[in-house]
Amino acid sequence: MDITPPLGTPVACWNARSALASGIHERLIAQALVISDGTNTAAIVASDLVFVGRLLAENIRTEVTRLTGIPGDAVSVHASHNHSGPSLTDRKSNTSELQ
């Protein structure tokens, strides 16, 4: 799934970095691997982000459950730690994720 944010989104990772995205070199993606033993099903979600915080992971788990029925506690959410990806953190507090 293409998760490339719009131009103008803050670029991630370093506090001294205040740049906004001004172009797209490669699209950012999120992928999922779903596995099942016939009784239990789990999903691994990987994204081209610098990190996935608690709020974003909870939102992803909720949406995966809504769309697939896979329980949230069987959904593992990961980031590739892409330093060129977007920042989803409010820079003022450096703690709360944007929705």
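None of the values given here were measured: they were computed from a predicted structure. (Residues numbered from 1 in each chain as written. Predicted model: local features only at pLDDT ≥ 70, side-chain atom pairs only at ≥ 80, totals over all residues. Heavy atoms only, no water.)

Novice: It is not clear to me how the sheet that holds strand S3 (residues 75-79) should be interpreted in this structure. Could you clarify?
Specialist: Sheet strands pair by backbone hydrogen bonding; their relative direction is either parallel or antiparallel. The strand order across the open sheet built from three strands is S1-S2-S3, with neighbouring strands paired in mixed fashion. This sheet does not close on itself; its edge strands, each paired only once, are strand S1 (30-36) and S3. Taken over all neighbouring pairs, the strand axes of this sheet differ in orientation by 15° on average, direction set aside. Judged from the seven bridges that link them, S1 and strand S2 (residues 41-47) form a sheet pairing that is antiparallel. Considered in S2, the bridge of Ser 36 is made with Thr 41. (Pairing = 2+ DSSP bridges. Helix = DSSP H or I, 4+ residues; strand = E, 2+ residues; numbered from the N terminus. Axes fitted to C-alpha atoms, helices over the stretch in contact; angles between N-to-C directions.)

Novice: Explain the environment of Val 52 to me, please; I cannot follow it from the model alone.
Specialist: The residue Val 52 is located in the loop between S2 and helix H1 (54-68) in this model. Separated by 27 residues in sequence, Val 52 and Ala 79 have C-alpha atoms that sit 5.9 Å apart. Beyond its immediate chain neighbours, meaning those up to four positions away, Val 52 contacts Ser 47, Ala 57, Val 77, His 78 and Ala 79. (Contact = heavy atoms within 4.5 Å.)

Novice: Please explain the nonpolar core as it appears in this structure.
Specialist: As a rule of thumb, nonpolar side chains are buried together in soluble globular proteins. The biggest cluster of nonpolar side chains holds seven residues, and these are Ala 43, Val 45, Ala 57, Val 64, Ile 70, Val 75 and Val 77. Of all the elements in the fold, those that place two or more residues in this core are S2, H1 and S3. Each residue touching Ala 57, except ones within four places of it in the same chain, is listed here: Val 52 and Val 77. (Core = buried A, V, L, I, M, F, W, Y, C linked by side-chain atoms within 4.5 Å. Buried < 20%, exposed > 50% of the residue type's maximum accessible area, 1.4 Å probe, protein only.)

Novice: How should the pairing of S2 be read in this particular structure?
Specialist: In this structure, the hairpin formed by S1 and S2 is closed by a connection of four residues, where Gly 38 is found at a positive phi of approximately 95°. Pairing of S2 with S3, which is carried by five bridges, proceeds in the parallel orientation. Counterpart to Ile 44 in the pairing with S3 is Ser 76. One crossover worth recording links S2 to the parallel S3 by way of H1, and it is right-handed. (Right-handed = clockwise from strand over helix to strand, strands pointing away.)

Novice: Quick question: what am I supposed to make of the pattern of salt bridges here?
Specialist: Pairing is possible between side chains that carry opposite charge, provided their charged atoms lie close to one another. For the coordinates displayed, the defined rule picks out three salt bridges. In this structure, Glu 58 and Arg 54 form a salt bridge, with 3.3 Å as the shortest nitrogen-oxygen distance. Of this pair, Glu 58 and Arg 54 both sit in helix H1, four residues apart, which is roughly one turn of that helix. Owing to a relative accessible area of 37%, Glu 58 belongs among the partly exposed residues under this scheme. The partner of Glu 63 in a salt bridge is Arg 66, with the nearest N and O atoms 2.5 Å apart. In this pair, Glu 63 and Arg 66 both sit in helix H1, three residues apart, roughly one turn of the helix. Classification of Glu 63 by relative accessible area gives partly exposed; the value is 33%. (Salt bridge = Lys/Arg side-chain N within 4 Å of Asp/Glu carboxyl O.)

So yeah, pure geometry; function would need other evidence.
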